[in-house]
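# Structural description and commentary
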Amino acid sequence: MDADTKIILRRSSALLLGVGLVVTVLVYSVHDWFDYQLMGRLGLSHNAADTVGTLVVILAAFGGQRLLSLIVFRDLAVGAITSRQKLQQQVRSANDAATEVAGELKQVRTFNDVLRGQMEMIVTETEKAAFDIAERLQTIDQVVTRLSGFVDSSTLESTDLLTRSESSIERNRELIGTLDRYISDRVNSTRDDEKRVAEVVKEVQSLGTLVQLIKNISSQTNLLALNAAIEAARAGDAGRGFAVVADEVRKLSGEADTAVGQINEGMKAVANSITSRFQDKLAQTHIEREREALQRFSSQLEELGQSYQEVTRHEAQVIATIRESSQQLAAMFMEALASVQFQDVTRQQIEQVATALSRLDSHAAELADRLNRLGEPGVALKPMSQHIEQIYQDYVMSSQRETHQASLNRRSVGDGGGPKIELF
Amino acid sequence: MKTILLVDDSATILLSISSILTKAGYTVEKAANAQDGLAKFKANTKVDLLITDLNMPGMNGIDFIKEVRRLPGYKFMPILFLTTESQQAKRVEAKAAGASGWLVKPATADELLNTIKLVVH
């Protein structure tokens with residue numbers, strides 16, 4: 001029972017009670033006068049007078065109720081007429097609304113067509129974007145691959161260069177060692193020469209004593225020849241031949257003295273010449289300068305070799321870093337390519353939503369039909385809960401099922417999904 | 001060098017997965033649906049591994065591998081499913097049809113390549 005009906009019943013009861021009281025009082029008050037008028041003046045029987053009285057009471061009660069209802073409720077039927085009119089208005093409004101809703105429900109398909117079109121556009125655009133991403137990743141990979149190839153060849157070259165530079169440095173070290181040994185040999189050789197020269201000079205100088213001895217002999221010979229000449233003169237003619245011999249001997253003695261002097265001068269000149277010719281060679285400072293120069297050259301060569309090795313090692317480190325980075329880039333490229341699969345996952349999810357919208361189309365059409373056939377009993381209508389369950393059955397991913405359950409505030413009970421990777 | 005036939009109705013999947021496989025040193029043949037895939041087998045294309053999607057327009061992946069298993073020379077070829085589907089019931093169906101393994105999309109490059117190594121080498 002609705003509120004209006006309850007109100008009407010209460011009003012009717014109250015009005016009936018009020019009018020009943022008034023009529024009761026009235027009948028009680030005017031009963032005798034009424035009987036007198038009908039039976040005394042009009043000559044009606046007692047039964048006829050009571051019947052007429054009852055009829056009057058009923059009519060008066062009915063009229064009183066209608067009059068009071070009109071006065072109090074502005075409705076002859078204590079609000080029932082107004083309520084009915086209101087109900088009829090509501091029914092008309094409901095019919096209008098049903099017609100309008102049915103018409104709108106028929107437009108749901110159009111609305112969903114728009115949504116499906118938008119979703120198809122999203123799928124198309126994301127697919128194109130994902131494809132472009134994959135293509136660009138491929139291009140990047142080609143660059144990275146070229147870089148890796150360059151790095152690999154550079155690594156080989158760098159290793160070869162390092163090996164060659166190390167062997168070159170080793171050869172330089174050996175050469176420096178050879179030069180150092182050569183210088184040392186030269187120093188030793190020069191020192192030996194110095195000794196030998198000194199000995200020669202000493203030998204030459206020692207010949208001076210011999211020269212002096214010859215010179216003394218020559219002087220004694222000259223003196224002897226002079227004495228012989230004197231003795232020959234004493235002997236007269238007998239000693240004349242001997243005087244000639246003595247004179248020749250004296251002349252020889254003079255020539256010998258001259259020759260000895262020349263020999264002495266010659267020996268001095270030879271000694272001086274040997275001494276001066278070996279002076280440079282004997283000068284140890286010259287050799288030391290050569291040695292110092294060689295050591296400086298050696299040090300510079302060593303430093304150069306070390307610097308070269310350092311540069312080569314640095315280059316090798318740079319190449320190794322680039323190589324490692326290019327390998328990381330290659331791995332990142334692979335993962336980035338793999339992540340493009342998101343588009344396929346999203347596409348299938350959107351396709352599921354589009355399928356669900358088609359299901360909503362059918363349901364909206366059924367609802368519209370149901371509204372258009374309000375007066376017809378037994379019109380079948382598939383409830384929305386069944387459609388929701390059917391959507392759940394159509395899902396292909398665990399995430400879809402989990403989202404479905406969460407959206408309905410249901411606890412996820414698992415969808416029978418297995419591990420991400422499974423070998424049979 | 002091993003040859004892998006990749007069957008998927010998504011051009012993006014074909015491009016991205018084939019790039020990964022090529023970079024890993026495999027030769028890759030591609031097909032956009034089951035019919036194209038069957039045509040490759042019927043043309044006696046050398047295939048050491050088949051990787052296929054499950055949900056494809058026309059023939060689905062399970063019917064596809066049933067057809068492949070019927071072809072001479074491909075009875076023992078490894079077959080992997082690469083799909084968004086994760087339900088155990090579908091896996092059982094795939095195993096009964098002759099599949100060797102199952103990978104759920106999106107799979108990382110490592111997951112994909114490691115699984116391939118297990119079934120091919």
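Residues numbered from 1 in each chain as written. Chains lettered and ligands numbered in written order. Predicted model: local features only at pLDDT ≥ 70, side-chain atom pairs only at ≥ 80, totals over all residues.

## Quick look at the nonpolar core
Buried together is how nonpolar side chains tend to be arranged in soluble globular proteins. Formed by 44 residues in total, the largest nonpolar core has its most connected members in A:L337, B:I20, B:F81 and B:L103. Ignoring sequence-local partners within four residues, the contact set of B:L103 consists of A:I421, B:L80, B:F81, B:L82, B:E111, B:L112 and B:T115. (Core = buried A, V, L, I, M, F, W, Y, C linked by C-beta atoms within 7 Å. Buried ≥ 20, exposed ≤ 12 C-beta atoms within 10 Å, placed from the backbone. Contact = placed C-beta atoms within 7 Å.)

## Focus on the sheet that holds strand β1 (residues 3–7) of chain B
Taken in spatial order, the six strands of this open sheet run β1(A)-β5(B)-β4(B)-β3(B)-β1(B)-β2(B), and their pairing is mixed. Every interior strand has two partners, whereas the edge strands, β1 (421–423) of chain A together with β2 (27–31) of chain B, have only one. Taken over all neighbouring pairs, the strand axes of this sheet differ in orientation by 15° on average, direction set aside. In this structure, β1(A) lies alongside strand β5 (residues 101–104) of chain B, joined through three bridges in antiparallel fashion. When the sheet's bridge partners are listed, A:I421 is paired in β5(B) with B:L103. (Pairing = 2+ DSSP bridges. Helix = DSSP H or I, 4+ residues; strand = E, 2+ residues; numbered from the N terminus. Axes fitted to C-alpha atoms, helices over the stretch in contact; angles between N-to-C directions.)

## Examining unusual backbone geometry
Here the amide bond leading from B:K105 into B:P106 is cis, since omega sits at -5°, within 30 degrees of zero. With respect to the secondary-structure elements, B:P106 resides in the loop between β5 and α5 (109–120). Phi is positive for A:V78, close to 45°, though the residue is something other than glycine. Examined against the element boundaries, A:V78 turns out to sit in the loop between α2 (46–73) and α3 (80–106). Of the residues examined, A:V78 has 25 C-beta atoms within 10 Å and is grouped as buried. Of note in this structure, A:N409 is not a glycine but carries a positive phi near 55°. As for its placement among the helices and strands, A:N409 is situated in the loop between α10 (398–407) and β1.

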